[in-house]
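Structural features, examined
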Amino acid sequence: MIKTVEWTDEGVRMIDQRLLPTEEKYVTLRSCEEVADAIKTMMVRGAPAIGVSAAMGLALGAKQIPGTSVSNLERKFDQLCEMMSGTRPTAVNLFWAIEKMRQEFKRVKSQSESTADIQRALTDMALRIFREDIEANRALGRFGAELIPDGATVLTHCNAGALATAGDYGTALGVIRGARDAGKRIAVIADETRPFLQGLRLTAWELAKDDIPVTVITDNMAGHVMKGGKVDAVVVGADRIAANGDAANKIGTYMVAVLAQRHNIPFYVAAPITTLDLSIPSGMEIPIEERASREITHIGDQQLGPDGVEVHNPAFDVTPNDLITAIITDKGVARAPFVESLRRLAEGK
Ligand code: MRU
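I will try to describe carefully the structure that is included in this document. (Residues numbered from 1 in each chain as written. Predicted model: local features only at pLDDT ≥ 70, side-chain atom pairs only at ≥ 80, totals over all residues. Heavy atoms only, no water.)

For the rest of this paragraph, the subject is the packing of aromatic side chains. As enumerated under the stated definition, the model contains one aromatic pair in all. Taken together, a centroid distance of 5.2 Å and an interplanar angle of 25° make the contact between Phe77 and Phe105 stacked. With a gap of 28 residues between them, Phe77 in helix 3 (residues 70-85) and Phe105 in helix 4 (residues 92-109) connect regions that are remote in the sequence. Under the relative-accessibility criterion, Phe77 is labelled buried at 1%. Given a relative accessible area of 2%, Phe105 falls into the buried group. Lying over the aromatic face of Tyr169, Arg138 brings its terminal NZ or CZ to 4.0 Å of the ring centre. Between the NZ or CZ atom of Lys250 and the centre of the ring of Phe316, over which it lies, the distance is 4.3 Å. (Phe/Tyr/Trp six-rings, centres within 6.5 Å; stacked < 30°, edge-to-face > 60°. Helix = DSSP H or I, 4+ residues; strand = E, 2+ residues; numbered from the N terminus. Buried < 20%, exposed > 50% of the residue type's maximum accessible area, 1.4 Å probe, protein only. Lys NZ or Arg CZ within 6 Å of the ring centre and 35° of its normal.)

Two quantities define a packed helix pair, namely the angle between the axes and the distance from one axis to the other. Where helix 3 contacts helix 4, the two axes come as close as 10 Å, and the packing angle between them is 175°. As the angle between them shows, helix 3 and helix 4 are arranged roughly antiparallel. Along the contact surface, helix 3 presents Val70, Leu73, Glu74, Phe77, Asp78, Cys81, Glu82, Met84 and Ser85, while helix 4 presents Leu94, Phe95, Ile98, Met101, Arg102, Phe105 and Lys109. Looking at side-chain class alone, the contact of helix 3 with helix 4 contains ten nonpolar, one polar and five charged residues. (Axes fitted to C-alpha atoms, helices over the stretch in contact; angles between N-to-C directions. Parallel < 35°, antiparallel > 145°, perpendicular 65-115°, else oblique. Contact = heavy atoms within 4.5 Å. Nonpolar A, V, L, I, M, F, W, Y, C, P; charged D, E, K, R; others polar.)

So, about the pattern of salt bridges. Where side chains of opposite charge bring their charged atoms close, a pairing between them can arise. All told, the structure shown has 22 salt bridges when counted by the stated rule. Its salt-bridge partner being Glu6, residue Arg13 comes within 3.1 Å of it at the nearest N-O pair. Classification of Arg13 by relative accessible area gives partly exposed; the value is 29%. Across the pair Asp117 and Arg120 runs a salt bridge, and its minimum N-O distance is 2.7 Å. Of this pair, Asp117 and Arg120 both sit in helix 5 (residues 115-145), separated by three residues, roughly a single helical turn. (Salt bridge = Lys/Arg side-chain N within 4 Å of Asp/Glu carboxyl O.)

Around the ligand sit 19 residues, and of these Arg45, Arg88, Asp239, Asn249 and Lys250 come closest. The separation between an oxygen atom of the ligand and a polar side-chain atom of Gln198 is 2.8 Å. In the environment of the ligand, an oxygen atom lies 2.6 Å from a nitrogen or oxygen atom belonging to the side chain of Asn249. For the ligand, whose unbound accessible area comes to 410 Å², protein coverage reaches 99%. Taken together, the residues of the shell around the ligand sort by class into eight nonpolar, seven polar and four charged. When residues of the shell around the ligand are assigned to domains, at least three fall in each of domain 1 (5-137) and domain 2 (143-346). (Near = heavy atom within 4 Å. Polar contact = N/O pair within 3.5 Å; in protein donor to acceptor, adjacent residues only side chain to side chain. Areas by Shrake-Rupley, 256 points an atom, 1.4 Å probe, with all protein chains shown as cover. Domains from an automatic or database assignment.)

Burial along strand 7 (residues 233-236) is two-sided: Ala233 and Val235 facing one way and Val234 and Val236 facing the other are all buried. In this sheet, strand 7 lies alongside strand 4 (residues 153-156) in parallel orientation, the contact comprising two bridges. Opposite Leu155, over in strand 7, you have Val234 as the bridge partner. Bridge count between strand 7 and strand 10 (residues 267-270): three bridges; the pairing is parallel. When the sheet's bridge partners are listed, Val234 is paired in strand 10 with Phe267. (Pairing = 2+ DSSP bridges.)

What follows is the structure in structure tokens.
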């Protein structure tokens, strides 16, 4: 099992995803600030993984606040939450996890005046968020497996695997692993995913480790491959899903969805219910992160573009709900009209 992020006595331990696949290096982060920096610099990435990491970072930070009064602990904890909220804007799992931690603080504070009780409860909550993410991905993997036929070739974009979650199964790759574990023969086509190359570096690495056949293509090959009849289904993850089913995911996902519709290929989004943002009616309200131009002009230290060239580097795009065949969650599978089906799943009906 790939251990994306772990709680240890020394701090938050994670695999440095920037070095994969050539180096498997685990790093122990010893403060909340270090965890926030790891999220910002993409040592850890993927919506559920950054939510889990943020919760662990906050638990660690709270533990390190010297024992004074509850009000002092609360003031400093709020500052840490603010700092954590500023790391990355698009994945709602980050804000969901921070809010869970804030709520837990309030709940324990209303019952106890002990800072140690609050600190312990925050650690327990972070561990619960970690465990529940793994369980959620197993559950969505089981639901999704039913939609994937035996012998299918599935195209995926970015990395929505163990590395993008608390570990183990992943979301889009959770569906693929679920199908494999249900006895189906599945092959994967992984888009390389410019500019950060999560598909080439991370998805291909994960699947090869798991003995799931994987072929990498560059992003601009997807249309050709679909036209050639080589893709039976597309399964991608999501960073934030609006109430109407519009889904933000790694830049390039929208292009894949348009191509899938053109070629009559089912397009599935796989995400835990924690990726749902029912507070926004549509994808128009999803903030899209703009990342550094260097991610496009350089590969590693190698400069590819001319000095000072103007670059636009949006890290995500939004796929409109009418291009989505179904949204696979840990609570079940939602189909159009998504406003109703997603609300029902979120309410546990
Ligand atoms: O910029 P990243 O690597 O954090 O973007 C990740 C993605 O877009 C994933 O597809 C998404 O978070 C789903 S992960 C289960």
